[in-house]
Amino acid sequence: MSLTEKTDVLVIGSGFGGAIPAYNLAAGGAKVTILERGPELGAADFTQSLEIGGYTRIVDLIQGNGIQVVAGNCVGGSSVVYFAASLRAPSFVFNRRGSTDHRLWPRAISRRTLDPWYDRVEETLPVAHQTWDDVPYAGGLFAAACRNAGHTCNPVPLAVDLDRCTNCNWMLNGCRFDAKRSMLLNYLPAARAHGAEVRPLHEVQLITKALTPGYRYQVDYTVVNPNDYRIPAGVGSIEAKIVIVAAGTMGTPVILRRSAATLGKIPGAVGKYFSPNGDRVSMAVMDERRIRDVLRLEREPGVAYDAFPIGKPIGSMSYDYLNGQLPEFERFGLQQIYFPAITNILPEDGTPGAPDWFGVDKKLLAKKWRSWLTLLALTEDDNEGKWGALPPTGNFIRVASSAVISSLSYHPNAHTLRGFAASDAALRAIVEKDGLGQHLDWTGGQPVLSAHPLASCRMGDDPATSALTADHQLRGHPGLFVTDGSAVPTSLTVNPSLTIAALAERASPGIAAAARAVGISVVGDVPPPGR
Amino acid sequence: MIVPALSRRRILQIATAAAAVIPLLPAEEAQAAILQTRATMEAWADTMVPGERRYAGDKVVLGATPGPGAVQAGAWKLYNDPDVGLGPLLPALAALIDTEAITYAAGHGKVVLGFVELTFKERTAVAQKLLGGPPGPVQLVWYALAAMPILAFHTAGHLDTATAVRDGHPGLTWLGFPQPDDDGIWRFPDFSYRRALARTHPRTTATGHPA
Ligand SMILES: Cc1cc2nc3c(=O)[nH]c(=O)nc-3n(C[C@H](O)[C@H](O)[C@H](O)COP(=O)(O)OP(=O)(O)OC[C@H]3O[C@@H](n4cnc5c(N)ncnc54)[C@H](O)[C@@H]3O)c2cc1C
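Residues numbered from 1 in each chain as written. Chains lettered and ligands numbered in written order. Predicted model: local features only at pLDDT ≥ 70, side-chain atom pairs only at ≥ 80, totals over all residues. Heavy atoms only, no water.

Moving on, we come to the packing of helix H3 (residues 137-148) of chain A against helix H6 (residues 288-295) of chain A. Residues and elements named next belong to chain A. Packing of H3 against H6 brings their axes to within 11 Å, and their N-to-C directions diverge by 55°. Viewed along their axes, H3 and H6 adopt a mutual orientation that is oblique. The chirality of how H3 crosses H6 is left-handed. Of the residues in H6, those in contact with Leu-141, Ala-144, Ala-145, Arg-147 and Asn-148 of H3 are Ile-291, Val-294 and Leu-295. (Axes fitted to C-alpha atoms, helices over the stretch in contact; angles between N-to-C directions. Helix = DSSP H or I, 4+ residues; strand = E, 2+ residues; numbered from the N terminus. Parallel < 35°, antiparallel > 145°, perpendicular 65-115°, else oblique. Left-handed = near helix turned anticlockwise from the far one by under 90°. Contact = heavy atoms within 4.5 Å.)

Residues and elements named next belong to chain A. In the neighbourhood of the ligand, 40 residues make up the surrounding shell, with Glu-36, Ser-78, Asn-395, Gly-485 and Ser-497 lying closest. Contact distances for the ligand include 3.4 Å between an oxygen atom and a backbone N or O atom of Phe-16. Between the ligand and the protein, one listed contact pairs a nitrogen atom with a side-chain N or O atom of Asn-395 at 2.7 Å. Calculation on the ligand without its partners gives an accessible area of 1,000 Å², and the protein chains cover 97% of this total. Breaking the shell around the ligand down by element, the ones donating at least two residues are helix H1 (16-28), strand S4 (67-72), strand S7 (202-209) and helix H9 (497-517). Grouping the amino acids of the shell around the ligand by side-chain chemistry returns 20 nonpolar, 16 polar and four charged. (Near = heavy atom within 4 Å. Polar contact = N/O pair within 3.5 Å; in protein donor to acceptor, adjacent residues only side chain to side chain. Areas by Shrake-Rupley, 256 points an atom, 1.4 Å probe, with all protein chains shown as cover. Nonpolar A, V, L, I, M, F, W, Y, C, P; charged D, E, K, R; others polar.)

Moving on: the nonpolar core. What tends to happen in soluble globular proteins is that the nonpolar side chains get buried as a cluster. Val-32, Ile-207, Val-243, Leu-256 and Tyr-305 of chain A together with Trp-44 and Leu-145 of chain B are the most contacted members of the largest nonpolar core, which totals 217 residues. When residues in this core are grouped by element, the largest group, eleven residues, is from H9 of chain A. Three or more residues apiece are contributed to this core by two domains, here domain 1 (1-85 + 87-124 + 174-275 + 385-410 + 447-531) and domain 2 (129-157 + 279-378 + 413-446) of chain A. Once residues lying within four places of it in the same chain are set aside, the contact partners of Tyr-305 of chain A are Tyr-137, Ala-138, Leu-141, Glu-288, Ile-291, Arg-299, Arg-370, Ser-371, Trp-372 and Leu-373 of chain A together with Tyr-193 of chain B. (Core = buried A, V, L, I, M, F, W, Y, C linked by side-chain atoms within 4.5 Å. Buried < 20%, exposed > 50% of the residue type's maximum accessible area, 1.4 Å probe, protein only. Domains from an automatic or database assignment.)

Below, the discussion takes up the pattern of salt bridges. The full count for this structure, using the stated rule, is 35 salt bridges over all chains. Here Arg-96 of chain A makes a salt bridge to Glu-328 of chain A, at a shortest N to O gap of 2.7 Å. A residue pair is termed long-range when its members are at least 10 positions apart, and Arg-96 of chain A in the loop between S4 and helix H2 (111-124) and Glu-328 of chain A in the loop between strand S11 (314-318) and strand S12 (333-337) qualify at 232 residues. We classify Arg-96 of chain A as buried; its relative accessible area is 0%. Here Asp-46 of chain B ties to Arg-123 of chain B by a salt bridge, and the two come within 4.0 Å at their closest N and O atoms. Taken together, the residues Asp-46 of chain B in helix H2 (residues 27-48) and Arg-123 of chain B in helix H6 (residues 120-131) connect sequence positions 77 residues apart. Taking the relative accessible area as the measure of exposure, Asp-46 of chain B reaches 0% and is therefore buried. One salt-bridge network, held together by shared partners, links Arg-88, Arg-111, Asp-115, Asp-119 and Glu-122 of chain A. (Salt bridge = Lys/Arg side-chain N within 4 Å of Asp/Glu carboxyl O.)

Residues and elements named next belong to chain A. For the bond from Leu-125 to Pro-126, the omega torsion is -20°, close enough to zero to count as cis. Mapped onto the elements, Pro-126 comes out in the loop between H2 and H3. A cis amide bond links Ala-354 to the next residue, Pro-355, at an omega of -10°. Secondary-structure assignment places Pro-355 in the loop between S12 and helix H7 (360-367).

Residues and elements named next belong to chain A. Taken together, the five strands give an open sheet; going across it, the order is S14-S15-S3-S4-S17, and neighbouring strands pair in mixed fashion. The outermost strands of the open sheet, each flanked by one partner alone, are strand S14 (397-398) and strand S17 (448-450). As judged from the two bridges shared by S14 and strand S15 (residues 403-409), these two strands associate in the antiparallel manner. By the bridge assignment for S15, Arg-398 is matched with Val-404. (Pairing = 2+ DSSP bridges.)

Turning to the domain arrangement of chain A, a few remarks are in order. All names here are of chain A. When its domains are assigned, chain A resolves into domain 1 (1-85 + 87-124 + 174-275 + 385-410 + 447-531) and domain 2 (129-157 + 279-378 + 413-446). Taking only C-alpha atoms, the centre of domain 1 and the centre of domain 2 are 31 Å apart. Contacts between the two partners involve 29 residues from domain 1 and, on the opposite side, 33 residues from domain 2. Summing the contributions of domain 1 and of domain 2, the shared interface buries around 2,300 Å²; its carbon and sulfur component is 63%. Taken as a group, Phe-83, Phe-92 and Leu-449 account for 28% of the area that domain 1 buries against domain 2, more than any other trio of residues on that side. (Buried area = accessible area lost by both parts, 1.4 Å probe.)

The next subject is the interface of chain B and chain A. Taken together, the contact pairs 65 residues of chain B with 78 residues of chain A. Together chain B and chain A conceal approximately 5,700 Å² of surface at their shared face, both sides included; 63% is due to carbon and sulfur atoms. Inspection of the chain B/chain A interface yields one salt bridge. Here Asp-83 of chain B ties to Arg-57 of chain A by a salt bridge, and the two come within 3.4 Å at their closest N and O atoms. Here chain B is connected to chain A by 35 residue pairs in polar contact (both at pLDDT 80 or more). Mapped by element, the contributors of at least two residues to the side of chain B that touches chain A are H2, H6, helix H7 (137-155) and helix H9 (170-175) of chain B. Broken down by element, the residue count for the side of chain B that touches chain A peaks at nine residues, all from H7 of chain B. Counted by class, the side of chain B that touches chain A contains 35 nonpolar, 22 polar and eight charged residues.

Below is the structure:
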């Protein structure tokens, strides 16, 4: 027997995809160890500041080729920095084919079969249902503009304690009021209460075959320096009977591809079919007078809107184009969303002629910042992204505190561009009707910006184009599961966290069964945390 | 053309070598080299977010718009912020910008010694050329150089935000960034119109989701 440390179930990453099976397996009786690359912070540590060196310690801005991705880097993963919009994917999504000739989701999964798992997640987080009284000004303005253009618009369900929330609009920094129901407040403490151990600042590099009989895999990690994640502070290995890879879409495919040399052949679909969830960001610069005269909005005497920085980032959304009767690539969600000023480099200045996103006109646009309304269309992309060369360590090359360079490339094809054009036109028709505002592209960066990276290690029934079976097991590697955003087969037309979470819940009893099969004493049917 | 067409890589090598030499120079020349770097980088920052001249005869900030710009907002501090990590590269990058400026001016029948000597319009043209290159690592470096002055102006990225807003940071003031409460924390008790402003979708589920 080797001296290497041992555990029953090793989980890589502590976001939705890691924390949820970690809870279920720990509550079921297994010994669970979670390795998390980022630091552990809580409400008392989260700042309301845009100073570089603060929020940048828990958020990565990942530069790929043709794409920029934002993701969390801390215990709790992206749930700590996310905006908490908690939406179920519409039914038609599960029947998507993209430009292939087959259904991309496994036959076993549909909205109907996923609904019980969505229920369980909503109860656990829990998800709150905003009324119009809870929707901040920006969401109200978007709703009123939708109505003015003949559209419906809904308040967005949020994983936020609405009584605790101060509407401060600092969600990206982590919530200092513990109002945002991140993994830090539900699944992770519940997993710990059942003995799960979380080790921050442990960056997994490689999965190999274990030498000890009864243990299938060995996971090698680097401990990173808390002040500079580029500097290693130690190395180690753990052997496990079951491994759950949940390093997020920006991590999982890289770890698995690096491990191909030591694990043996891995499915060809690993590191392919990346989806930015069809994210298409744009904005409107609104006309205060028209808001008052046309929409009859007034938040204080004489002030119509002037409230971009106030509130929770995501308030309202139109479901009008989430219509299964429409052709694929022409269905999308239209959402009001606040982007903090760190992305102000991106909007075009709204005047003809170059330069588009810097210089005199851009500075003049900034003068109207409080009248901005940033918008997100969640469209159907065609999974065009793929990873290139492997970085020497970790998931990408870290050049500064939160600035990293990835070999991910994403170039939207004609199908995706059709969705972009259709959603742009829909938003323009809403915000420009009756001169309410001017719709502006986000051009000052990579062509695509996404906080919702998906797929790259996706589930499916077709072995040629999917890496995982419908139970989230990596094809050809028994006991190795993937339960994070990278398992999601396609873009969702809504924000993805609730679907990632529901899938992770759905996968958990199957993982417990696989654990029992290798001699771990664990039950698969556990109550949700807190019940 | 005065400057032969060099590859970007070659220019970067020369510039890096030049930067490496700075510590070996006599103090006065080293000082001049650092001042030259700062002038070029601030002129670049002024191209990204232009500001009014700080004093009569300001040659770095050209006054292309009224009100302060990225230089006044602290772009130089952010460029040198250790968490940004660009500091050691600045002499090399400034030298590259100067080289590009010299080339550009030569192409227009003008002799200059660096980016600072260009007009605002010419600086903009040079910046566009550098920022418009093909995607890849070189382009990302230019993008980072553009991002820092924009972050300095729009976010005061080198300062604690509450302190910066209270001290009247020029960029945050320009945006109308809200003031925090007395304890330095933001809270907005008044945040909603508190009115139903649209009809909801007829097929919304009981818990607010699309069907
Ligand atoms: C700013 C922002 C706002 C968002 N807003 C919303 C929203 O409102 N609604 C919504 O539905 N979605 C939102 N999202 C997206 C949502 O947060 C993600 O889709 C979701 O959290 C992904 O969960 P995951 O488990 O797949 O990955 P993550 O939560 O990213 O977890 C992966 C974890 O693995 C760790 N890790 C990575 N590599 C390694 C390694 N090598 N070794 C060890 N650990 C590693 C990471 O540090 C991270 O903690 C937002 C995202 C961001 C960034």
